[in-house]
Amino acid sequence: MSATIWSLLPPIVAIALALITKEVYLSLLVGILTGSLLFTQFHVLTAVETTVEIMGMKIGDNVNILIFLVLLGILVALITKSGASKAYGEWATARIKGERGALLATTALGMLIFVDDYFNCLTVGTVMRPVTDKYKISRAKLAYIIDATAAPICIIAPISSWAAAVGSSLPENSGIDGFNLFLRTIPFNLYALLTIIFMLFLIIRKVDFAAMKRYNDKVLADGEETTVGSDELPIMGRGKVKDLILPIVVLVILCISAMLYTGGILEGADVVTAFANCDSSLSLVLGSFFALVFTFVLYLGRKILTFEAFCESFVQGFRSMTPPIMILCLAWTLSGVCSADYMNIGGYVGNLVAGSSLVGILLPCLFFLIATGLAFSTGTSWGTFGILIPIALAILGTGDVSSLSVTVAAILAGAVCGDHISPISDTTILASAGAQCNHINHVSTQIPYALLVAACCFAGYLTAGIAGNGWAGLAVGLICLAVILAVITVNEKNTKSS
């Protein structure tokens with residue numbers, strides 16, 4: 001059943017169950033076992049062995065991310081216990097005026113941390129959550145802002161782990177420089193650009209609709225639901241604002257420095273090459289470890305916390321990260337079940353695309369739709385463009401770099417879109433963790449927003465294919481979004497007047 005339509009069943013089962021039952025752990029496990037049973041032709045014992053094998057392999061491949069999560073959880077616990085988060089919340093509330101200011105500050109911070117989406121999600125949530133809580137901004141709205149300034153920013157930032165991933169997706173013998181191709185895709189990555197514009201409109205106009213509005217109204221009426229990792233830690237110190245700012249700033253500097261280090265900056269590589277070749281997950285571990293050492297010296301040296309209180313934070317920080325770690329491990333395992341070695345969703349999609357007589361003018365919009373569906377089903381944007389970019393290159397060749405740039409941009413946009421709305425995406429999971437928001441609440445409230453932007457992208461890529469011009473596609477995408485925003489504005493005025 002590998003590389004057939006049956007390969008789509010495991011992620012469909014997992015996603016459908018998660019949205020219906022709102023129990024993400026069991027839903028992911030059922031999806032994993034479904035894939036293992038299909039792969040082993042319904043031999044139950046072999047299917048369980050396969051599941052354990054895949055899980056062990058995926059956890060081993062991603063162990064640095066898990067270590068980073070634990071170290072960051074400890075750092076967050078320390079900052080909270082020291083009283084620095086409370087002090088920062090009081091300071092920021094006095095200077096950031098109102099809901100709009102809090103959300104704009106969150107957006108600005110998300111745009112500044114563009115080197116890695118994992119780091120972005122958790123750091124922005126840690127810093128801004130006390131401020132958004134003060135203004136009774138729902139955790140789901142905060143999670144959406146975090147998610148919309150993570151992958152969409154990273155995929156258009158030349159110096160990021162994502163730029164390196166895109167470049168490495170090109171076959172070595174393609175004759176095309178991956179970094180230059182990535183730069184060419186930036187103006188035509190409609191989903192990233194339109195998502196940022198859409199998000200800023202919602203913030204500036206202070207408007208929400210659909211599931212997000214219903215959830216926000218529910219929070220205002222009944223209070224915030226119990227959220228992931230939201231158990232309050234006792235404040236045991238007299239931390240000041242600098243006791244939050246300094247560890248976060250040091251964390252950012254050290255993580256970026258570690259990326260340069262693992263990318264070979266000390267071996268003579270230039271900055272761009274170092275970022276392109278870095279081991280981002282190892283860099284995050286190195287940066288967070290030394291940031292923890294810095295925090296130890298800072299807090300104990302100034303007697304912000306006792307040694308016993310500092311050590312207690314290790315267990316408390318680990319405990320706060322247990323839910324996202326569990327979800328990530330299960331999501332990675334499901335992605336492994338869907339990989340080329342097992343159910344091979346990518347092979348099925350690749351055969352479907354490469355074996356059909358696609359009309360040239362439809363390539364950008366078709367690749368956008370396929371990338372969206374594949375990323376949604378597998379929860380991985382990197383795996384999606386890793387599968388589809390070589391296929392686009394095989395279809396278009398290297399002669400028309402302009403058409404190739406638009407088509408690759410459509411693949412990247414679709415990969416980010418599908419990843420954005422997928423309940424099993426690691427960045428979606430980490431956005432929930434950063435905001436300490438119930439994961440399914442985050443997914444269900446942001447899907448309508450993401451689909452509206454996706455519709456504008458589809459119109460843009462269809463136009464780009466017909467006109468043979470990516471700039472025409474960008475113009476149509478912007479026009480479609482402007483029309484949607486105008487309709488939202490009119491509806492908002494009508495609602496207020498009635």
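What you see is a predicted model; the values in this text were computed from it and never measured.

A few words now on a nonpolar patch on the surface. A cluster of nonpolar side chains, Leu26, Leu29, Val30, Leu33, Val44, Val48 and Val52, forms an exposed patch at the surface whose accessible area comes to about 560 Å². Listed by contribution, the elements that provide at least two residues to the nonpolar patch are α2 (24–39) and α3 (44–61). A total of 4 residues in the nonpolar patch trace back to one element, the largest contributor, which is α2. Mapped onto the secondary structure, valine 44 falls in helix α3. Take valine 44: its relative accessible area is 57%, and that puts it in the exposed class.

Turning our attention to unusual backbone geometry. One non-glycine residue with positive phi stands out, namely lysine 206, at about 55°. Position of lysine 206 among the secondary structure elements: in the loop between α12 (190–205) and α13 (210–222). For lysine 206, a relative accessible area of 45% translates into the label partly exposed. Here alanine 210, not a glycine, exhibits a phi torsion of approximately 60°, which is positive. Mapped onto the fold, alanine 210 is located in helix α13. On the basis of relative accessible area, alanine 210 is assigned to the partly exposed category, the value being 29%.

This part covers the nonpolar core. Of all hydrophobic cores here, the largest spans 152 residues; its most connected members are Leu69, Tyr144, Ile155, Phe198, Phe385 and Tyr461. Top element by residues in this core is helix α22 (residues 401–421). It accounts for 12 residues. Not counting the four nearest positions on each side in its chain, isoleucine 155 is found in contact with Trp162, Val166, Phe182, Asn189, Ala192, Phe385, Leu412 and Val416.

Let us now look at α13. The first and last C-alpha atoms of α13 sit 18 Å apart over 13 residues, in line with the 18 Å expected at 1.5 Å per residue. Three or more residues of α13 are buried, namely Ala211, Met212, Tyr215, Asn216 and Val219. The arc that holds the buried residues of α13, viewed along the axis, is 130°, so those residues lie on one side. Of the exposed residues in α13, the ones pointing more than 90 degrees away from its buried face are Arg214, Leu220 and Ala221. Residues of α13 that are buried make contact with α8 (139–148) and α24 (439–467). Just downstream of α13, glycine 223 is the residue with a positive phi angle, here 90°.

In this section: the state of the cysteines. Evaluated as defined, the whole model comprises 0 disulfides. Sulfur of cysteine 457: no disulfide; nearest cysteine sulfur belongs to cysteine 417 and is 6.8 Å away. Taking relative accessible area as the criterion, cysteine 457 reaches 0% and is therefore assigned buried. You can see cysteine 480 has no disulfide; the closest cysteine sulfur is in cysteine 456, sitting 5.3 Å from it.

Considering all chains together, one arrives at 6 salt bridges under this definition. When the shortest N-O distance is used, the salt bridge between arginine 205 and glutamate 492 registers 3.2 Å. Note that arginine 205 is positioned in helix α12 and glutamate 492 in helix α25 (residues 470–497), a separation of 287 residues in sequence. For arginine 205, a relative accessible area of 33% gives the class partly exposed.

Ring pairs (aromatic) are described by centroid distance and by the angle formed between their planes. Taken as a whole and judged by the stated rule, the model has 10 aromatic pairs. Taking 5.5 Å as the distance between ring centres and 40° as the angle between the ring planes, the aromatic pair formed by phenylalanine 368 and tyrosine 461 counts as tilted. Of the two residues, phenylalanine 368 sits in helix α20 (residues 363–378) while tyrosine 461 sits in helix α24, which places them 93 residues apart along the sequence. Put simply, the rings of Tyr144, Phe198, Phe209 and Tyr449 touch in pairs and so form one group of aromatic residues.

Quick look at the packing of helix α5 (residues 84–95) against helix α7 (residues 117–134) now. At a closest axis distance of 9 Å, the pairing of α5 and α7 adopts a crossing angle of 55°. Taken together, α5 and α7 sit at an angle that is classed as oblique. As for how α5 packs across α7, the hand of that crossing is right-handed. Within the contact between the two elements, α5 uses Ser85, Tyr88, Gly89, Glu90, Ala92 and Thr93 and α7 uses Val127, Met128, Pro130, Val131 and Lys134. Counted by class, the contact of α5 with α7 contains 6 nonpolar, 3 polar and 2 charged residues.

With that settled, the discussion passes to the confidence of the model for the protein chain. Any region with low pLDDT has predicted coordinates that should not be read closely. Overall, the predicted model of the protein chain reaches an average pLDDT of 85, with 91% of residues at or above 70. Here helix α10 (residues 161–168) stands out as the element of the protein chain with the lowest mean pLDDT, 66, in contrast to α12, whose mean of 96 is the highest.

Structurally, asparagine 344 is set in the loop between α18 (322–337) and α19 (345–354). According to the relative accessible area criterion, asparagine 344 is buried, its value standing at 18%.

Moving on, we come to helix α23 (residues 426–435). Across the 10 residues of α23, 10 count as buried, placing the element largely inside the fold. Looking at α23, one finds that the buried residues are Asp426, Thr427, Thr428, Ile429, Leu430, Ala431, Ser432, Ala433, Gly434 and Ala435. On its buried side, α23 packs onto α4 (63–82), α7, α8, α18, α22 and α24.

About the criteria used
Residues numbered from 1 in each chain as written. Predicted model: local features only at pLDDT ≥ 70, side-chain atom pairs only at ≥ 80, totals over all residues. Heavy atoms only, no water. Patch = residues over 30% accessible without salt bridge, like charges linked within 9 Å, V, L, I, M, F, W, Y side chains within 5 Å. Areas by Shrake-Rupley, 256 points an atom, 1.4 Å probe, with all protein chains shown as cover. Salt bridge = Lys/Arg side-chain N within 4 Å of Asp/Glu carboxyl O. Helix = DSSP H or I, 4+ residues; strand = E, 2+ residues; numbered from the N terminus. Buried < 20%, exposed > 50% of the residue type's maximum accessible area, 1.4 Å probe, protein only. Core = buried A, V, L, I, M, F, W, Y, C linked by side-chain atoms within 4.5 Å. Contact = heavy atoms within 4.5 Å. Expected span 1.5 Å × (residues − 1). Arc of directions from axis to C-beta. Disulfide = S-S within 2.5 Å. Phe/Tyr/Trp six-rings, centres within 6.5 Å; stacked < 30°, edge-to-face > 60°. Axes fitted to C-alpha atoms, helices over the stretch in contact; angles between N-to-C directions. Parallel < 35°, antiparallel > 145°, perpendicular 65-115°, else oblique. Left-handed = near helix turned anticlockwise from the far one by under 90°. Nonpolar A, V, L, I, M, F, W, Y, C, P; charged D, E, K, R; others polar. pLDDT = per-residue confidence, 0-100.

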